Amino acid sequence: MIVVMSQEASRDQVEAVLRKIEEFGLQTHPIYGVQKTVIGVIGDDKTKVVETMAGYPGVEQIIPILKPYKFASRETHPQDTVIELSGVRIGGDKVVVMAGPCAVESPEQILNTARLVKLSGGSILRGGAYKPRTSPYSFQGLGEEGLRYLAEAREETGLPVVTEITDPRKIDLFCEYADIIQVGARNMQNFVLLTEIGRSGHPVLLKRGPSSKIEDLLLAAEYIIKEGNRNIILCERGISTFETYTRNTLDLSAVAAIKKLSHLPVVVDPSHSVGIANLVTPMSMAAVAAGADGLIVEIHPNPNAALCDGSQSLDFETFSALMTKLRKVAAAIGRDV
Ligand code: PEP
Ligand code: MN
């Protein structure tokens, strides 16, 4: 961190700032220029300097050098994090495809979907049991019953399941049923929930909020990782922009940026990004080409009859065709699907 003193700062003010920083247990390296003095600050925890010294007499600017998301940053952990669960590696050479319905609707629906995911070469089954719906009158999901149907589908197919939590009080239930706990876009900054998941140590898929910056997403991940849980998969799922043709705008640059800024694996949700089924295939291919470690795609045995997000869900045939196309894109960049 660098503390820049103003041109008018007196020698006494510089001395007072140096003493204050050293009181925090940090080292100071002042450079006395002709016009201005700048102070290099070295030490582990510089939060006190940021919090208390911005308005200090003679201080013009405080410039952090390291990223504020310490543990999620590549600066402190240069090698990629690979998350291993039930034989699936997320963040390695293989692009991991997670697929399933928006919501679990019945045992047959989720089981048939799981069989198709497995048959097509997908690695993880998705399905919401607790749905965060804009309207309280929309289908809210089957709740615990839905979690049980997911567990039955996992039992038969061996596919690990990812499902969304909406209530921090249900953390134990989710640790029992879900291989990966999904934190939805709406809950990205539910800090109590993030902390609880951090303490659980359970693998988590953390979605980017529709109005959140990349740095906000990485700071949300920091809430989890600082509790000791490194099993975090980040997910780009589209952000709100002025465009209304698509449900959200898929920010593919976020994938490349996050791979640079963080060691955590990144997946893309093309379905919620575009909201239109016939745009899901091209965006999935683009996501893999951009370096995404995986995809989470909504599929349904009969999208027209889906209780939730049918218009963005792929039917089985289109999903199988997508998997074939993804293999070619992945091969072109030296990866497998
Ligand atoms: C979902 O995956 O079903 C979902 C609700 O997604 P998001 O949180 O990205 O809107
Ligand atoms: Mn959905």
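These figures come from a predicted structure and were not determined experimentally.

Caption draft 1: View of the overall build of the protein. Along its length, the protein carries 11 helices and 14 strands. Summarising its shape, the C-alpha atoms of the protein cover approximately 75 × 45 × 40 Å along the three principal directions. Counting only residues that meet the buried cut, the protein has 53% of its 337 residues in that class. Contacts in the protein between residues at least 24 apart in sequence constitute 68% of all its contacts with a sequence separation of at least 6. When the accessible surface of the protein is split by element, carbon and sulfur atoms take 52% of a total near 15,100 Å². The average position of the 35 basic charges and that of the 40 acidic charges among the side chains of the protein differ by 2 Å.

Caption draft 2: Looking closely at the pattern of salt bridges. What the rule picks out here adds up to 19 salt bridges. Put simply, aspartate 269 and lysine 207 hold a salt bridge, and the shortest N to O gap is 2.7 Å. Note that aspartate 269 is positioned in the loop between strand E13 (266-268) and helix H9 (270-274) and lysine 207 in strand E11 (residues 204-207), a separation of 62 residues in sequence. We classify aspartate 269 as buried; its relative accessible area is 0%. The partner of aspartate 293 in a salt bridge is lysine 259, and the shortest N-O contact between them spans 2.7 Å. Taken as a pair, aspartate 293 in the loop between helix H10 (277-289) and strand E14 (294-298) and lysine 259 in helix H8 (residues 252-261) lie far apart in primary sequence, 34 residues in all. Exposure remark for aspartate 293: the relative accessible area of 2% places this residue in the buried category. One connected set of salt bridges, linked through shared partners, spans Glu196, Arg199, Lys226 and Glu227.

Caption draft 3: Structural detail: the pairing of strand E9 (residues 161-165). Among the 5 residues in E9, 5 count as buried, and that is most of the element. Summarising the sheet, strand E8 (residues 124-126) and E9 pair through 2 bridges and their orientation is parallel. Looking at the pairing, arginine 126 lines up with valine 162 of E9. For the crossover that starts at E8, traverses helix H4 (residues 144-157) and ends in the parallel E9, the hand is right-handed. Summarising the sheet, E9 and strand E10 (residues 180-183) pair through 4 bridges and their orientation is parallel. Across the sheet, the residue bridging to glutamate 164 is glutamine 182, located in E10.

Caption draft 4: Main features of the domain arrangement of the protein. Partitioning the protein into domains gives domain 1 (2-63) and domain 2 (83-332). Its C-alpha centre places domain 1 at a distance of 45 Å from the equivalent point of domain 2.

Caption draft 5: Molecular detail of the state of the cysteines. Applying the stated criterion across every chain yields a total of 0 disulfides. The cysteine cysteine 308 is free of any disulfide, with cysteine 102 supplying the nearest cysteine sulfur at 3.1 Å. Residue cysteine 308 is classed as buried on the basis of its relative accessible area of 5%.

Caption draft 6: Just the coordination of the manganese ion (ligand 2), in detail. Within the protein, the atoms that donate to the manganese ion (ligand 2) are Cys102 (SG), His272 (NE2), Glu298 (OE) and Asp309 (OD), at distances of 2.0 to 2.4 Å. Between consecutive donor residues of the manganese ion (ligand 2), the sequence gaps follow C-x169-H-x25-E-x10-D. A residue pair is termed long-range when its members are at least 10 positions apart, and cysteine 102 in the loop between strand E7 (96-100) and helix H3 (107-120) and aspartate 309 in the loop between E14 and helix H11 (316-332) qualify at 207 residues. Note on accessibility: cysteine 102 and aspartate 309 belong to one class, buried.

Scoring rules and cut-offs
- Residues numbered from 1 in each chain as written.
- Chains lettered and ligands numbered in written order.
- Predicted model: local features only at pLDDT ≥ 70, side-chain atom pairs only at ≥ 80, totals over all residues.
- Heavy atoms only, no water.
- Helix = DSSP H or I, 4+ residues; strand = E, 2+ residues; numbered from the N terminus.
- Buried < 20%, exposed > 50% of the residue type's maximum accessible area, 1.4 Å probe, protein only.
- Contact = heavy atoms within 4.5 Å.
- Areas by Shrake-Rupley, 256 points an atom, 1.4 Å probe, with all protein chains shown as cover.
- Lys, Arg positive; Asp, Glu negative; His and termini not counted.
- Charge placed at Lys NZ, Arg CZ, Asp CG, Glu CD.
- Salt bridge = Lys/Arg side-chain N within 4 Å of Asp/Glu carboxyl O.
- Pairing = 2+ DSSP bridges.
- Right-handed = clockwise from strand over helix to strand, strands pointing away.
- Domains from an automatic or database assignment.
- Disulfide = S-S within 2.5 Å.
- Donors = N, O, S within 2.8 Å, 3.2 Å for Na, K, Ca; no water.

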